[in-house]
Amino acid sequence: MASEDELSQSHSRGKSPAISRRAILTRAITSVITALGGLKGGTYILGDEAYGCLKDLKKFWRKDDTDDERTVARIMWKARVLENDIVPILLETAGKGRVEDRCAILCAELVTSMTWPIDVASELRELDDELDVGTDYTTLLSSHLSYKAALLQPGVIQALFGVMLPPLAKTRKERKDRDGQIINIVLHLFRNLAFIRDLPSNTHLSADQAEHSGLQSKLIMTLSENHILDTLVTLATNAENDPLFTSWNTLLLETLYLLLRGVKPSSLVLNQVQAPKDDLVRLLDFEAERKRTIQRNAASRHSRFGTTISVKAGQESMILHTQYAIKKEARDIVDGTKKGKYLKAKTLDELGGQDNLSPYALTVLQGFAREFILSCFNSFLGSLLKDIKSERPKITEKDNLRLLFVTKWFLEFFMAALAKDSGVGTGWGWGFELVAEVVDRGWIVWILRRMRGAIEEKPKQWTELQAGIECLTQLLLLIDSMSLVSEPTLSEAAEILQHQLYYNGEVLDLAFEGLQGYKEQSIAYLDSSIQLAYVLLRMLEKWGKQKGDVYVRRRRMRAKNRGRGKGGRGKGVPEEEGVLDVADVDDEVAAEDERIIEEQMFTFDKFESKFANEDITHTLLVYLARFKELSAENVKRVVSLLHRQAVKAKAEGLFFKVSTLDLFRSILAEQKSLPRTQPYKDLVQLINFILRQFFKAAEKEPFLLVEAFFPKNRGQWKNFSSWEPKTHDKQADRVPDSTWKHPQDVQVKKGYSWSEQLGIAVGCLVENDQRNLVEWIKEILATVVGIRQRIVEETDGPDKNKDSDSEEINEDEQIRLEAGKLKGPSSDAIAKFEDYLIPYVSDEQADAATKNPPFKLVCRLIKFCLLDDNADELEWYVPAAILPSDLQISFNLINQFLEKPLDLEGTKAAQLLRKKTRRRARRREPSSEAESDAEDEDVPKRKARRKKEEVHYKSAQFIEDSDAELGDDEEFFQREAALRARTALAAAEGRSANMKSTGTKKRKTRKEAEGRGQKKRRGGVPSSGNAMQEVVDSDADDYANDLSRSEQR
């Protein structure tokens, strides 16, 4: 055996590295293979060092881990070591003793390594552009087919099962790590054999190649004969209970995927004995139809004579020398002479494919699928989903795709069996409890999450999205079938599931995005997307008829924080002179690019109108272009979707394109050769309807003939369709502006604080040359502030601190004065405030108060109110509840904006205003003669009577009854007046109401102290001003307690 020193020496001699490596390894590997043993008299005799030679071959094989050329694999394939040596050794040693079993296990390990799947795409990406120029993987792929054929010889799979069975038969306590490794190796070998695809069937293949085109059927039958499929079902059944079996659930999932990926579930429920005869009849009918089509366009019996036809196209003419010109149109013959543009062929199916299995293999898979659903469908899929959600290290991205496919496959098989059972009868007697695992809400959420992740991934994972679409379609069909059963429990569960699906809203978006995003995906992806849209729309239509409108959740991106408009954060408005700048809370809470979820009312008509989309129409027409290859069921689906767009959504303008019209012409030209089934008849009727609409629209608008060469996106199709926008009831019932007495009020757009809104309103008046109105507002504010300040001084007394020296004032009295300032006007002073009715000196002021929206906006911002909104001339007043300090803040702020306007960065203030929505009063119709007579009364009398009734109703029902239980009000008010008088007297004498003459504070009982101690401020530690306020309030409360106790004594 050659060593690494020999390899380095060969490099030093100047030979090429690839040639030296191949030559040296060939000699070493050949010598080891020779020492394994050989045939003698038809029996394979092992060499003395056969076990050691097998270990050497294993070491040699590991050298390919760092070799992109896979030199060792090519050498072993050329030496045919697996067919000539390893398989005979396995047959001779399996189950013959402890030493022999070691050789059999080593043979199984070698076979597993030699048949390991080759990912050609990833291997080619890893090749070096200079060193690996001549690397070819065709030889290695063909070697796997030969290995698969050698391992399917009689007795080999049985020998491998014999290697795996003893460790598998041990109990959990007796089982060791090596036992799990042996089972793992054999299971991987079965996975490898299922991964190797057959050659496509062809009548021109040789005998050996023809044998390689049917190996998958032979594998399935061999696995069934040696009870391997039953073992797989057993392992899947115990995947939840045994930790060792749980570790293999992903391996079992991959094996199931490889065995089922090329089989249609609907074909397994058929009678496999009768299926070949039905296929033969179908092929004969297809051949007869093809012959009729050829004869229909074939030349006549006079084909030996030539034909010359002159064709004129405008001012040009051409001569056609072909007999087909008699029957065919001239443009078709001219187009046939042109050089065709060959499009890129689309992949049929990137997910599954189609295997040409024998009827016996299909029968075996039918029994295996039945046993799997009956035994372990729920438990096996539940364990897999649990591991995926737990993010186990063994889970890969491809496991999600495989789980989606396997779930879809068994659901489709289950639904096909139910359909046949309800028809001619299968005798299986299945119930929905066999697939109860997948109708759980967690499964639906996981499927939708995987589909959304496949769309958002870059690049998009179209294969996984296709698997998710197919799985979701079968799940919807299952829920629809559950809703049709007579059992109340199942129908109620189906109703809940449908409501959850529709309320989630994600399934509605994914159905549209699957169709809109189609470009160059496989044909199977296109078919699955159309089927999902067909099933979903049909179920939604039925749900809408039964349940009506529902709410759905919609996710949208929150708009980026726009701050306070173009003006920014109130530039030029300092927090001085009593001006309070209120920050916008939404700016701190709302985050940029944040997803928010909102509920919307869902109606099927609105959803169906959303289906009228240019991209969706293009996808449907691409699918319809293959009308010769489509089955009747596929034609039914695409015609139904096109009908929803053209007829129900009234979007026939989407089809007014030259390419679409040419497709319709080609379909009508092949009308005679189309099957006579109902879907094709509906297709022809739909095409005729769209063509009639097109020519009607072209007659009304001749420019449509030019528009037909351009796409109909962004709603341009609406101009040429019978679609009409729906008029909402709110717009229809809205009262015209002419019926209102006054112009519509305005308000500042969102995103601005109170001070900024006032600055914008003032700026709008200044821009309109109405500064005199702003000065008028300032005069009103100054007048009201002066009136109310005088009332405060007369009631609470003048500010002594202004006239007297600070030395003459007692320290306690100065503290009380400061506390009084912080407290504001007393309750007696506030009670003397009256509403100030704003007088109008001129007609300009009256018009501004009634018809000037910016002026009215300023009045509303500074808290002015209206006496009557419906009056012919509006009357504004300053409410008595507004304190002089608040009015002074508004005055300072307006004065500030006049001196230094708000910086809006070039934007006019009027552009930041928008009209305020009006609320129309509910219309009342007279229901009696009394009400009709009341309409004839004068307006003032009617208003007075209504106000009187309202006051009487409120006082009678709420105030009068409750006061009766409390007692006499007059006595209560007298006590309060006496309390205020004593408090004012104590304050005037400069002493505290609850302090003794000696200056010591009166002791309070424990209950009083505890009761007062429980009352705490929410804001935590109070400020100095608040502390002073609490001192004054505490003194007043203590004095009131003393007064009440003295009265009781």
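What you see is a predicted model; the values in this text were computed from it and never measured. (Residues numbered from 1 in each chain as written. Predicted model: local features only at pLDDT ≥ 70, side-chain atom pairs only at ≥ 80, totals over all residues. Heavy atoms only, no water.)

1. Side note on the overall build of the protein
So, step 1. When you go through the protein residue by residue, the secondary structure sums to 46 helices and twelve strands.
So, step 2. The long-range fraction of contacts in the protein, counting pairs at least 24 apart against all pairs at least 6 apart in sequence, stands at 77%. (Helix = DSSP H or I, 4+ residues; strand = E, 2+ residues; numbered from the N terminus. Contact = heavy atoms within 4.5 Å.)

2. What about the packing of aromatic side chains?
So, step 1. All chains considered together, the criterion is met by 22 aromatic pairs.
So, step 2. Centroid distance W409 to F410: 5.2 Å. Interplanar angle 80°. Geometry classified as edge-to-face. Each member of the pair, W409 as well as F410, is classed as buried.
So, step 3. With 5.3 Å between their ring centres and 70° between their planes, F694 and F695 make a pair best called edge-to-face. (Phe/Tyr/Trp six-rings, centres within 6.5 Å; stacked < 30°, edge-to-face > 60°. Buried < 20%, exposed > 50% of the residue type's maximum accessible area, 1.4 Å probe, protein only.)

3. Re the pairing of strand β1 (residues 37-40)
So, step 1. Here β1 runs beside strand β2 (residues 43-46); their pairing, made up of four bridges, is antiparallel. Looking at β2, one finds that L39 is bridged to Y44.
So, step 2. With antiparallel pairing between neighbouring strands as the criterion, β1 and β2 make up a hairpin whose turn holds two residues, including G41 at a positive phi of roughly 65°. (Pairing = 2+ DSSP bridges.)

4. Concerning the pattern of salt bridges
Pairs can form between side chains of opposite charge once their charged atoms are near each other.
So, step 1. Inspection of every chain in the model, using the stated rule, returns 29 salt bridges.
So, step 2. One network of salt bridges, with partners in common, ties together R191, E254, D399 and R402. (Salt bridge = Lys/Arg side-chain N within 4 Å of Asp/Glu carboxyl O.)

5. Looking at a negative patch on the surface
So, step 1. Taken together, the side chains of D843, E844, D847, E873 and E875 make up a negatively charged region of the molecular surface.
So, step 2. For D843, the location among the structural elements is in helix α39 (residues 843-851).
So, step 3. Residue class for D843 comes out exposed when judged on its relative accessible area of 63%. (Patch = residues over 30% accessible without salt bridge, like charges linked within 9 Å, V, L, I, M, F, W, Y side chains within 5 Å. Areas by Shrake-Rupley, 256 points an atom, 1.4 Å probe, with all protein chains shown as cover. Lys, Arg positive; Asp, Glu negative; His and termini not counted. Charge placed at Lys NZ, Arg CZ, Asp CG, Glu CD.)

6. Let's talk about the environment of G382
So, step 1. Inspection of the secondary structure puts G382 in helix α20 (residues 377-390).
So, step 2. Excluding its chain neighbours within four sequence positions, the residues that come into contact with G382 are E240 and E437.

7. Some words on the side chain of S890
So, step 1. Along the chain, the position of S890 falls in helix α41 (residues 884-899).
So, step 2. Ignoring anything within four residues of it in the chain, the contact list for S890 reads W754, L781 and I862.

8. Section: the nonpolar core
So, step 1. Formed by 201 residues in total, the largest nonpolar core has its most connected members in F380, F414, V438 and L478.
So, step 2. When residues of this core are assigned to their parent elements, the largest contribution, 14 residues, is made by helix α21 (residues 397-422).
So, step 3. When neighbours within four sequence positions are excluded, V438 is seen to be in contact with F377, L381, T407, L411, W443, L475 and L478.
So, step 4. By size, the runner-up hydrophobic cluster in this structure holds 41 residues, among which are W776, C859, F864 and L887. (Core = buried A, V, L, I, M, F, W, Y, C linked by side-chain atoms within 4.5 Å.)

9. Digging into helix α26 (residues 523-547)
So, step 1. A rise of 1.5 Å per residue sets the reference length of α26, with its 25 residues, at 36 Å; its end C-alpha atoms lie 36 Å apart and thus fit the reference within 8%.
So, step 2. Downstream of α26 by a residue or two, G548 has a phi angle that is positive, lying close to 80°. (Expected span 1.5 Å × (residues − 1).)

10. As for the sheet that holds strand β10 (residues 865-866)
So, step 1. Reading across the sheet, the three strands line up as β9-β11-β10 and stay open at both edges, with antiparallel pairing between neighbours. Only two strands of the sheet have a single partner each, and these edge strands are β9 (836-837) and β10.
So, step 2. Pairing of β9 with strand β11 (residues 876-878) involves two bridges; the strand directions are antiparallel. Counterpart to L837 in the pairing with β11 is Y877.

11. Structural notes on empty space enclosed by the protein
So, step 1. Within this structure, the stated rule accounts for five cavities of 30 Å³ or more.
So, step 2. Reported here for the second largest cavity is a volume of approximately 40 Å³.
So, step 3. Residue lining of the second largest cavity: L232, V233, A236, L252, T255, L256, F368 and F372, and that is the complete set.
So, step 4. A breakdown of the residues in the lining of the second largest cavity according to their chemical character gives seven nonpolar, one polar and no charged. (1 Å grid on protein atoms, 1.4 Å probe; cavity = no way out; pocket = protein on both sides within 12 Å on 5 of 7 lines; lining within 4 Å. Points joined across faces, edges and corners; volume = space filled by probe spheres on them. Nonpolar A, V, L, I, M, F, W, Y, C, P; charged D, E, K, R; others polar.)

12. Some words on the packing of helix α10 (residues 177-195) against helix α12 (residues 215-225)
So, step 1. Taken N-terminus to C-terminus, the directions of α10 and α12 make an angle of 150°; their axes are 10 Å apart at the nearest point. Comparing their axes, α12 and α10 come out roughly antiparallel. Facing α10, whose interface residues are F190, L193 and A194, α12 presents Q216, L219 and L223.
So, step 2. Its residues placed into classes, the contact of α10 with α12 shows five nonpolar, one polar and no charged. (Axes fitted to C-alpha atoms, helices over the stretch in contact; angles between N-to-C directions. Parallel < 35°, antiparallel > 145°, perpendicular 65-115°, else oblique.)

13. Things to note about helix α8 (residues 138-151)
So, step 1. For α8, built from 14 residues, the straight-helix expectation of 20 Å at 1.5 Å per residue is met to within 8% by its first-to-last C-alpha distance of 20 Å.
So, step 2. Summarising burial for α8: ten of the 14 residues are buried, a large majority.
So, step 3. Every buried residue belonging to α8 is among L140, S143, H144, L145, S146, Y147, K148, A149, A150 and L151, and all of these are buried.

14. Notes on the environment of Q466
So, step 1. Tracing the sequence through the fold places Q466 in helix α23 (residues 462-484).
So, step 2. With a relative accessible area of 1%, Q466 lands in the buried category.
So, step 3. In the structure, Q466 is positioned 56 residues away from S522 in sequence and 9.3 Å away in space, judged by C-alpha atoms.
So, step 4. If sequence neighbours within four positions are ignored, Q466 has contacts with D349, L351, S522, A524, Y525 and S528.

15. Side note on the side chain of S529
So, step 1. By the secondary structure assignment, S529 is in helix α26.
So, step 2. Judged by its relative accessible area of 3%, S529 is buried.
So, step 3. Apart from residues no more than four positions distant in its own chain, S529 is found in contact with I469, G514 and L515.

16. What about a positive patch on the surface?
So, step 1. A contiguous patch of positive charge on the surface is contributed by K55, K59, R62, R102 and R178.
So, step 2. Examining the composition of the positive patch, we find that three residues originate from one element, helix α3 (residues 50-62), more than from any other.
So, step 3. Its place among the elements puts R62 in helix α3.
So, step 4. Taking relative accessible area as the criterion, R62 reaches 49% and is therefore assigned partly exposed.

17. Some words on the packing of α26 against helix α30 (residues 632-648)
So, step 1. Contact geometry for α26 and α30: axes closest at 10 Å, N-to-C directions at 60°. One way to sum up the angle between α26 and α30 is to call them oblique. The way α26 lies across α30 gives a crossing that is left-handed. The residues of α30 that touch α26, namely those facing D527, I530, Q531, A533, Y534, L537, R538 and E541, are N634, K636, R637, S640, L641, R644 and K648.
So, step 2. Here the residues of the contact of α26 with α30 are counted per class, giving five nonpolar, three polar and seven charged. (Left-handed = near helix turned anticlockwise from the far one by under 90°.)

18. Section: unusual backbone geometry
So, step 1. Of the consecutive residues K458 and P459, the connecting peptide bond is found in the cis state with omega at -5°.
So, step 2. One can find P459 in the loop between α22 (441-456) and α23.
So, step 3. Positive phi, close to 60°, is recorded for D769, a residue that is not glycine.
So, step 4. When you line up the elements, D769 lands in the loop between α35 (754-767) and α36 (771-796).

19. Digging into the confidence of the model for the protein
So, step 1. When the pLDDT values of the protein are averaged, the result is 76; 71% of them are 70 or greater.
So, step 2. Counting contacts from residues 949-967, a segment whose pLDDT is below 50, to residues more than four positions away or on other chains yields four contacts. (pLDDT = per-residue confidence, 0-100.)

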